Amino acid sequence: MLEVKSLTKRFGTKAAVDKVSFHIDRPMMIGIIGRSGAGKSTFLRMMNRLTDASEGELLFEGRNVLSLKGAEKRQWQSDCAMIFQQFNLVPRMDVVSNVLHGTLGRRSTLTTMFNLYPEEDIHKAIDILGRLGISEHAEKRAEALSGGQQQRVAIARALMQDPKVILADEPIASLDPMNAQTVMEALRRIHDEDGRMVIANLHTLDTARRYCDRIIGMRDGRVVFDGTPAQLTTGVARDIYGAGADFSEAATSTEIRDHEAVEAVERRLAKLTV
Ligand SMILES: Nc1ncnc2c1ncn2[C@@H]1O[C@H](COP(=O)(O)OP(=O)(O)OP(=O)(O)O)[C@@H](O)[C@H]1O
């Protein structure tokens, strides 16, 4: 289904992605983990052709997507929708119009300029918002929503393209733990219910373990781990993050904890001990 062979991207002499190879034979939810600069974003950007590869192959359903040009390349970009850490919505535009922007690839500039969307698309957008639990916000401006709700709008926009693959680049990095959980659950459901492949770059181990079927660990552009959540032991994680014996999983955790409450207690205790 997806075969990546010796995929490499160099910026000058530095290889940001260095001979990455792996094979995925069915739609799965895949987490790519690794510290900042490991090459995770560059990999996703090559996959949906935002960045050209320096070397290697990336085959999806037998087609080398790296050699696609023109209309075929645009079709591929529509087949593999991307969502980003910062949502990339139009803040002052209402939610449903933001979602309808997901159909831009197949519409003329004129109809887009005048916001002339077919009724069928409007119904589809509202149905998708309903699936993601945010249809009651359809008429609000995107900027009026919480981060987690905005990210679900971005997922809805991606779903308007009816993609085969969803690429999510740090989708929860800007969210608090509660919103992060809602967004990860939405991505998981899209995979489970629609059978779409989801590939998400994640900073945190516990999120990857909890939501993904397979985890790929990258370090300095290379794949240093490829396995199931159960195989991702603390020792392996230490290797992926290039950390020493003092490595603590908590440092990469998004577990729901009441941080503010803990900090408030710590501040109070600090005052008492002065
Ligand atoms: N356009 C670019 N020009 C030069 N170097 C780049 C460019 N894009 C990425 N890099 C370098 O490639 C390496 C991998 O970057 P990349 O953004 O893919 O890592 P990442 O694992 O996604 O990290 P982060 O989580 O911080 O985004 C880094 O050393 C980065 O500085």
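For the structure, see preceding data.
An account of the accompanying structure is given in this report. Keep in mind it's a predicted model, so treat the numbers as computed, not measured.

What counts, and at which threshold
- Residue numbers restart at each chain and count upward from 1, following the sequence in its written direction.
- The predicted nature of this model means local features are confined to residues of pLDDT at least 70 and side-chain atom pairs, given and counted, to a pLDDT of 80 or more, with totals for whole chains, interfaces and linings taken over all residues.
- Two strands qualify as a pair provided DSSP detects at least 2 bridges between them.
- Numbering of helices and strands starts at the N terminus; helices are DSSP runs of H or I of at least 4 residues and strands are runs of E of at least 2.
- All axes here are fitted lines through C-alpha atoms, helices being fitted over the stretch that makes contact, and every angle between N-to-C directions spans 0 to 180 degrees.
- Once C-beta atoms are placed from the backbone, each residue is buried if 20 or more other C-beta atoms lie within 10 Å of its own, exposed if 12 or fewer, and partly exposed for counts between those two.
- Here, residue contact means that the backbone-derived C-beta atoms of the two residues sit within 7 Å.
- To estimate the expected span of a helix, subtract one from its residue number and multiply by 1.5 Å.
- This arc corresponds to the set of directions leading from the helix axis out to the C-beta atoms.
- The criterion for a residue being near a molecule or strand is simple: its C-beta atom, placed using the backbone, must lie within 6 Å of it.
- Think of it as three bins: nonpolar holds Ala, Val, Leu, Ile, Met, Phe, Trp, Tyr, Cys and Pro, charged holds Asp, Glu, Lys and Arg, and polar takes everything else, Gly as well.
- Roughly parallel means an angle under 35 degrees; roughly antiparallel, over 145; roughly perpendicular, 65 to 115; everything else is oblique.
- Take the far helix as your reference; a near helix turned counterclockwise from it by less than a right angle gives a left-handed crossing, and one turned clockwise gives a right-handed crossing.
- In plain words, the nonpolar core is the set of buried Ala, Val, Leu, Ile, Met, Phe, Trp, Tyr and Cys residues that C-beta atoms within 7 Å link up.

Some points on the sheet that holds strand β3 (residues 29–33)
Moving on, step 1. An order of β6-β7-β8-β3-β9-β10 is seen for the 6 strands of this open sheet, with the pairing classed as mixed. Pairing within the sheet leaves two strands with one partner each, and these edge strands are β6 (80–84) and β10 (222–227). Taking each pair of neighbouring strands and ignoring which way they run, the sheet shows an average axis angle of 20 degrees.
Moving on, step 2. Sheet topology note: the β3/strand β8 (residues 197–202) ladder contains 5 bridges and is parallel. Paired with I32 across the strands is N201, a residue of β8.

Points about the environment of A156
Moving on, step 1. By secondary structure assignment, the location of A156 is in helix α6 (residues 147–160).
Moving on, step 2. Residue A156 is classed as buried on the basis of its C-beta count, with 28 C-beta atoms lying within 10 Å.
Moving on, step 3. The contact partners of A156, leaving out residues within four places of it in the chain, are V99, A125, I128, L129 and L132.

Some thoughts on helix α5 (residues 119–131)
Moving on, step 1. The end-to-end C-alpha separation of α5 is 18 Å, in line with the 18 Å expected for 13 residues at 1.5 Å each.
Moving on, step 2. Of the residues making up α5, those classed as buried are K124, A125, I128 and L129. Taken down its axis, α5 places every buried residue within 135 degrees of arc, on the same side. Every exposed residue of α5 that faces more than 90 degrees away from the buried side is listed here: E119, E120 and H123.

Details of helix α7 (residues 177–194)
Moving on, step 1. Taking 1.5 Å per residue, 18 residues should reach 26 Å; α7 reaches 25 Å between its end C-alpha atoms and fits that length.
Moving on, step 2. For α7, the full list of buried residues reads A180, V183, M184, A186, L187 and I190. Looking straight down α7, one finds that the buried residues subtend no more than 150 degrees of arc, so they occupy a single side. The outward face of α7, more than 90 degrees from its buried face, is lined by the exposed residues M178, R189, D192 and E193.
Moving on, step 3. If you follow the buried residues of α7, they end up packed against α6, β7 (165–169), β8 and α8 (205–211).
Moving on, step 4. Downstream of α7 by one or two residues, G195 has phi in the positive range, about 70 degrees.

Structural notes on the site of the ligand
Moving on, step 1. The immediate surroundings of the ligand are formed by F11, A16, G34, S36, G37, A38, G39, K40, S41 and T42.
Moving on, step 2. At 3 residues, the largest contribution of residues to the shell around the ligand is made by helix α1 (residues 40–47).
Moving on, step 3. Its residues assigned to classes, the shell around the ligand shows 3 nonpolar, 6 polar and 1 charged.

Focus on the packing of α6 against α7
Moving on, step 1. Direction vectors running N to C along α6 and α7 enclose 20 degrees, while the axes themselves pass 8 Å from each other. Taken together, the axes of α6 and α7 lie roughly parallel to each other. Along this stretch, α6 crosses α7, giving a crossing that reads as right-handed. Contacts between α6 and α7 involve G147, G148, Q151, R152 and I155 on the former and, on the latter, N179, T182, V183, A186 and L187.

With respect to the nonpolar core
Moving on, step 1. Counting 71 residues, the largest nonpolar core has V99, A156, I166, L187 and V198 as its most contacted members.
Moving on, step 2. Ranked by residues supplied to this core, first place goes to α6 with 7 residues.

What to know about the sheet that holds strand β1 (residues 2–11)
Moving on, step 1. The strand order across the open sheet built from 4 strands is β2-β1-β4-β5, with neighbouring strands paired in antiparallel fashion. Each having just a single partner strand, β2 (14–24) and β5 (63–64) make up the two edges of the open sheet.
Moving on, step 2. Bridge count between β1 and β2: 7 bridges; the pairing is antiparallel. Looking across to β2, one finds that R10 is bridged to A15.
Moving on, step 3. Docked against the sheet, α1 engages β1, β2 and β4 (55–60), running at close to 65 degrees with respect to β2.

Some thoughts on unusual backbone geometry
Moving on, step 1. In this structure, R49 takes a positive phi of about 70 degrees despite not being glycine.
Moving on, step 2. Mapped onto the elements, R49 comes out in the loop between α1 and β4.
Moving on, step 3. Among the residues examined, R49 registers 18 C-beta atoms within 10 Å and is labelled partly exposed.
Moving on, step 4. Backbone geometry at F87 places phi at a positive 65 degrees, although glycine is not the residue there.
Moving on, step 5. Assignment of secondary structure puts F87 in the loop between β6 and α3 (95–100).

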